[in-house]
Structures are given as structure tokens and as C-alpha cells.
Amino acid sequence: WVPEACRSNLFMLAEDPPEHTPHRNIIRQAFDKEAVDQLRQTITQTASALVSDIEPDTSVNFVEKFTLPFVGTAVAQMMGTDGLQNYKDIKKWLTLLEQITTARPTNEELNELTAIAVEQRKLFQSILEKCRTHPGDDVPSILATAEVDGEKLTDEEFFGALELLARAGFETTLHAISHSMIELAGRPELLTLIFNDHSLIPKFVDELIRYQVTGPC
């Protein structure tokens, strides 16, 4: 029952070597130092801006006020859709994708899903055309132009790669940040320790990811 526009090509997820290996190598190229530095700069600026908008000594919905817009901005930049869609659009698209099961939805739900999937594909198509004609040093440009053994990603593989990055990065990062705040709120002594010694942050993040589930299972 799943319309063509809503079907994922399961890029890399349903592949084994030798098909999986060149695709993995292309993804690796997309996260070279220049691309990661560019992402880091935007992510740092976004985090600073969002934190500065939170009034001191006030209660806020941390997920709505910080985590969602922060993660959405990072994912949008990775996909190349920053400035073209906001984090609410990305969240809605990904949520609808997760609702695709063997059970057929209502016609109204199916129409909504199809319309959003078609719009997302149009966005990806415009990004691909831009990256191939005027490539930069961002993630989508590298995905569009990188070669392994003389082969580039096809259009469908490019779309699948962007979808994979969004689906893999959005919910996991959203949960990890939210879990970290719950942990720090419940253990003020740990918050004080990390606040006074920022070198502990990488270890804290590693440990949090180790014992807290960061994605649906």
C-alpha cells in the first residue's frame, strides 16, 4: 500500500559487501575535516543563540525550547535544507516515515504522508542539482560529487543518503541531549563537577550514550 514517493530505498541499511563498502567510503568522505568544521561552527552558534534566549531562573520545556530547534538546525545543515525548511517540518516528515508499517493508514493519513514525502523529494532534487552544478565543501556537495572506483552516487542513492543521515541523527541526538539534562538535573553534584571542569564533558557524553538508549528499539 505504500506509495512510490514514500518508499525508502534503504540506502546502506539493506546492503552487504561489496555494495555496502563503496557507499560507506563515500559517506566517510562527506565527513572530512572541512565539512565537520563547518558543521561545528553552525552547531556552536545555534547552541549559543538558543541558550541566550532562555531567561535565567525560569522553568522551560527544554525539548521545545532547545533540543528540537538545535537538533533540527544541525540535521537541516547536514541535508542542505537549512533555510528551506524548519525543524518542525523535519520532525513531521521523520515522524510520518516512522509510522509506515504493514498496517494501512487511513486515506487522510496516507494523503498527508504522500504530500510531505513528495515535497521532501523535491527539496532533495533541488539540492542535488545545486551541488552538482555549484559544489561546495558541505556534506551534500561531497555526497553528490564524491567517487569510489570511478562511481558516484545515483540520484536515488543520494536521496537515500540524506534520508539516512536525517533518520539516524535526529531522534538519537534528541534523546541523548534530553537524557543528559535529566541526568544532570537529578545529580547536581555531577553538574557542578562538569561545570568546573569542561574536560570531563567528552567522558560524560560517552558514558551517557553507553547506558542510555538514544533511539527507538
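Calculation rules
- Residues numbered from 1 in each chain as written.
- Predicted model: local features only at pLDDT ≥ 70, side-chain atom pairs only at ≥ 80, totals over all residues.
- Heavy atoms only, no water.
- Axes fitted to C-alpha atoms, helices over the stretch in contact; angles between N-to-C directions.
- Helix = DSSP H or I, 4+ residues; strand = E, 2+ residues; numbered from the N terminus.
- Parallel < 35°, antiparallel > 145°, perpendicular 65-115°, else oblique.
- Left-handed = near helix turned anticlockwise from the far one by under 90°.
- Contact = heavy atoms within 4.5 Å.
- Nonpolar A, V, L, I, M, F, W, Y, C, P; charged D, E, K, R; others polar.
- Core = buried A, V, L, I, M, F, W, Y, C linked by side-chain atoms within 4.5 Å.
- Buried < 20%, exposed > 50% of the residue type's maximum accessible area, 1.4 Å probe, protein only.
- pLDDT = per-residue confidence, 0-100.
- Polar contact = N/O pair within 3.5 Å; in protein donor to acceptor, adjacent residues only side chain to side chain.
- 1 Å grid on protein atoms, 1.4 Å probe; cavity = no way out; pocket = protein on both sides within 12 Å on 5 of 7 lines; lining within 4 Å.
- Points joined across faces, edges and corners; volume = space filled by probe spheres on them.
- Salt bridge = Lys/Arg side-chain N within 4 Å of Asp/Glu carboxyl O.

Right, let's talk about the packing of helix H4 (residues 87-98) against helix H5 (residues 107-133) for a bit. Remark: H4 packs on H5, axes separated minimally by 10 Å, with the N-to-C direction vectors making an angle of 125 degrees. In terms of their interaxial angle, H4 and H5 are classed as oblique. The interaxial crossing formed by H4 with H5 has left-handed handedness. Taking contact as the criterion, the partners of Lys 92, Trp 93, Leu 96 and Leu 97 in H4 are, on H5, Glu 112, Leu 113, Ile 116, Gln 120 and Phe 124. Taken together, the residues that form the contact of H4 with H5 break down as 6 nonpolar, 1 polar and 2 charged.

It is characteristic of soluble globular proteins that their nonpolar side chains tend to be buried jointly. If you look at the biggest cluster of nonpolar residues, it comprises 45 residues, and the most contacted ones within it are Val 75, Ile 90, Trp 93, Leu 143, Phe 158 and Phe 170. Of all the secondary-structure elements, those providing two or more residues to this core are helix H1 (20-30), helix H2 (33-52), helix H3 (62-79), H4, H5, helix H6 (139-145) and helix H7 (155-186). Per-element accounting of this core gives the leading share, 10 residues, to H7. If sequence neighbours within four positions are ignored, Val 75 has contacts with Ile 90, Ala 166, Gly 169 and Phe 170.

Attention shifts here to the confidence of the model for the protein chain. Atomic detail in the predicted coordinates should be set aside for any region of low pLDDT. Of all residues in the protein chain, 92% attain a pLDDT of 70 or more, and the chain-wide mean is 87. Least confident of the elements in the protein chain is H4, whose mean pLDDT is 88; most confident is helix H8 (residues 188-196), at 95.

Looking at the secondary structure, you find Gln 85 in the loop between H3 and H4. A polar contact is formed between the side chain of Gln 85 and the side chain of Thr 81, at a distance of 3.1 Å. Among the polar contacts listed, one links the side chain of Gln 85 to the side chain of Gln 120, at a separation of 3.1 Å. Dropping the residues within four chain positions of it, Gln 85 is found in contact with Met 79, Ile 90, Gln 120 and Leu 123.

The computed volume of the largest pocket comes to approximately 1,100 Å³. For the largest pocket, the lining is made up of 25 residues, of which Phe 66, Ile 177, Ser 180, Ile 201 and Val 205 are closest to its centre. For the lining of the largest pocket, the secondary-structure elements that each account for two or more residues are H2, H3, H7, H8 and helix H9 (201-211). Per-element accounting of the lining of the largest pocket gives the leading share, 8 residues, to H7. When its residues are assigned to classes, the lining of the largest pocket shows 18 nonpolar, 7 polar and no charged.

Bringing the environment of Phe 31 into the picture now. Looking at the element boundaries, Phe 31 is found in the loop between H1 and H2. Judged by its relative accessible area of 29%, Phe 31 falls in the partly exposed class. Once the C-alpha coordinates of Phe 31 and Arg 167 are considered, the two residues, 136 residues apart in sequence, prove to be 17 Å apart. Not counting the four nearest positions on each side in its chain, Phe 31 is found in contact with Val 36, Leu 39, Met 78, Val 139 and Leu 165.

Along the chain, the position of Glu 183 falls in helix H7. Here Glu 183 falls in the buried class, since its relative accessible area comes to 15%. Not counting residues up to four positions away in its chain, the partners in contact with Glu 183 are Leu 190, Phe 204, Leu 208, Tyr 211 and Gln 212.

Let us now look at the pattern of salt bridges. Counted by the stated rule, this structure contains 11 salt bridges. Between Arg 40 and Asp 37 there is a salt bridge; the shortest N-O distance is 2.8 Å. Of this pair, Arg 40 and Asp 37 are both found in helix H2, 3 residues apart, which corresponds to roughly one turn of the helix. For Arg 40, a relative accessible area of 46% translates into the label partly exposed. You can call Asp 37 partly exposed: its relative accessible area is 30%. In this structure, Glu 163 engages Arg 167 in a salt bridge whose closest nitrogen and oxygen atoms are separated by 2.9 Å. One end of the pair, Glu 163, and the other, Arg 167, are both in helix H7, 4 residues apart, so they sit about a helical turn from each other. By relative accessible area, Glu 163 is classed as buried at 14%. The exposure class assigned to Arg 167 is partly exposed, which follows from its relative accessible area of 31%. Connected through shared salt-bridge partners, Lys 33, Asp 37 and Arg 40 make up one network.

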